[in-house]
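# What the coordinates show
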Amino acid sequence: MPVLTIASSKGGPGKTTVAMLLAGSLAAEGRKVVALDADPTQAFSRWAANAYEGPTFETHAESDETRLAYLIDSKAGEADIVIVDTAGFGNRSAAVAMTSADAVLVPTLSGEADVTEAEKTVRLAEGLARAARREIPTAVLLNKVRRTQLARHAAHEIQVAGLPRLEASLSDLVAYGELSYSGRIPQIGPAVIEIAGLLAELRERGWLPR
Ligand SMILES: Nc1ncnc2c1ncn2[C@@H]1O[C@H](COP(=O)(O)OP(=O)(O)OP(=O)(O)O)[C@@H](O)[C@H]1O
Ligand SMILES: [Mg+2]
């Protein structure tokens with residue numbers, strides 16, 4: 001079943017937050033979710049073990065690239081969806097997770113350096129796809145969006161660079177920031193609508209089970 005890798009060469013654009021939102025939301029739908037935490041800092045795994053409050057899902061912390069490759073393969077056969085959170089710096093486990101993915105999601109903030117790094121990550125995914133002689137669909141997700149000129153500019157720069165981008169985006173919301181402590185997937189407010197929009201678009205693309 002689909003393996004969705006969340007990656008970016010830049011630290012802090014929201015990879016782990018997006019992984020939390022997707023894993024928690026899909027588990028709440030009754031899907032068999034396996035989350036693989038390939039980041040040696042293990043932020044996702046600690047959250048899943050200590051903070052998360054919701055229907056359970058399986059989590060494995062594995063930053064060793066060889067073991068990760070085998071783990072992705074074995075879990076892909078068992079789960080409805082495998083979500084891989086990766087580390088925010090160029091490392092081999094992130095490349096393994098991208099190469100093994102059915103799709104790669106690249107969260108980005110709106111700054112110039114952020115969009116530049118998002119482009120690098122998309123180009124890496126494209127290169128890995130070529131080397132593997134198969135398609136690895138990839139898209140940028142604008143995160144922590146504020147309704148400002150900057151976010152519009154970022155969307156424009158992404159378009160000019162020819163990077164595939166999701167129509168869905170996530171706003172800069174306290175509900176997302178609090179998630180790492182509260183462990184609850186937002187149930188009220190604008191975040192609910194955004195998360196539903198993100199899930200719908202990913203599903204539309206075939207990146208999530210229907
Ligand atoms: N849409 C958002 N609104 C508000 N806060 C957010 C949002 N997305 C992420 N954050 C916060 O921004 C910080 C960085 O997010 P996160 O840890 O998910 O990024 P990351 O890409 O996983 O970072 P790293 O590269 O270090 O793994 C966290 O404190 C998180 O709570
Ligand atoms: Mg992270």
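Note: the structure precedes this text.
I will try to describe carefully the structure that is included in this document.

Analysis parameters
- Residues numbered from 1 in each chain as written.
- Chains lettered and ligands numbered in written order.
- Predicted model: local features only at pLDDT ≥ 70, side-chain atom pairs only at ≥ 80, totals over all residues.
- Heavy atoms only, no water.
- Pairing = 2+ DSSP bridges.
- Helix = DSSP H or I, 4+ residues; strand = E, 2+ residues; numbered from the N terminus.
- Axes fitted to C-alpha atoms, helices over the stretch in contact; angles between N-to-C directions.
- Contact = heavy atoms within 4.5 Å.
- Near = heavy atom within 4 Å.
- Polar contact = N/O pair within 3.5 Å; in protein donor to acceptor, adjacent residues only side chain to side chain.
- Areas by Shrake-Rupley, 256 points an atom, 1.4 Å probe, with all protein chains shown as cover.
- 1 Å grid on protein atoms, 1.4 Å probe; cavity = no way out; pocket = protein on both sides within 12 Å on 5 of 7 lines; lining within 4 Å.
- Sits in = over half its atoms within 2 Å of the grid points.
- Points joined across faces, edges and corners; volume = space filled by probe spheres on them.
- Nonpolar A, V, L, I, M, F, W, Y, C, P; charged D, E, K, R; others polar.
- Buried < 20%, exposed > 50% of the residue type's maximum accessible area, 1.4 Å probe, protein only.

### Structural notes on the sheet that holds strand E1 (residues 3-6)
- Ordered in space as E3-E2-E4-E1-E5-E6, the 6 strands form an open sheet in which the pairing is parallel. Looking at the sheet topology across the chains shown, the edges are occupied by strand E3 (58-61) and strand E6 (138-142). Ignoring strand direction, the axes of neighbouring strands in this sheet form an average angle of 20°.
- Contacting E1, strand E2 (33-37), E3 and strand E4 (81-85), helix H3 (residues 65-76) runs over the sheet at an angle of about 175° to E2.

### Remarks on the site of ligand 1
- Around ligand 1 lies a shell of 16 residues, among which Lys 15, Thr 16, Thr 17, Asn 143 and Ser 171 are the nearest.
- A distance of 3.0 Å separates an oxygen atom of ligand 1 from a polar backbone atom of Gly 14.
- Considered on its own, ligand 1 offers 630 Å² of accessible surface; in the complex 75% of this is hidden by protein.
- The cavity where ligand 1 resides is the largest pocket.
- Looking at the shell around ligand 1, the elements with two or more residues in it are helix H1 (15-28) and helix H7 (174-182).

### As for empty space enclosed by the protein
- According to the stated counting rule, one finds 1 cavity of 30 Å³ or more in the structure shown.
- One number sums up the size of the largest cavity: a volume of about 30 Å³.
- Around the largest cavity, the lining residues are Ser 8, Lys 10, Pro 13, Pro 107, Thr 108, Asp 114, Glu 117 and Ala 118.
- Looking at the lining of the largest cavity, the elements that each hand over two or more residues are strand E5 (103-108) and helix H5 (112-132).
- With 3 residues, the top contributor of residues to the lining of the largest cavity is H5.
- Looking at the lining of the largest cavity residue by residue, the classes come out as 3 nonpolar, 2 polar and 3 charged.

### Examining the pairing of E1
- In E1, alternate side chains face the same way, and those of Val 3 and Thr 5 on one face and Leu 4 and Ile 6 on the other are all buried.
- Relative to E4, E1 runs parallel, the two being bridged by 4 bridges. Note on E4: the bridge partner recorded for Val 3 is Val 82.
- Inspection of the sheet shows E1 paired to E5 by 3 bridges, in the parallel sense. In the sheet register, Ile 6 faces E5, and the bridge partner there is Leu 105.

In short, geometric facts, not functional conclusions.
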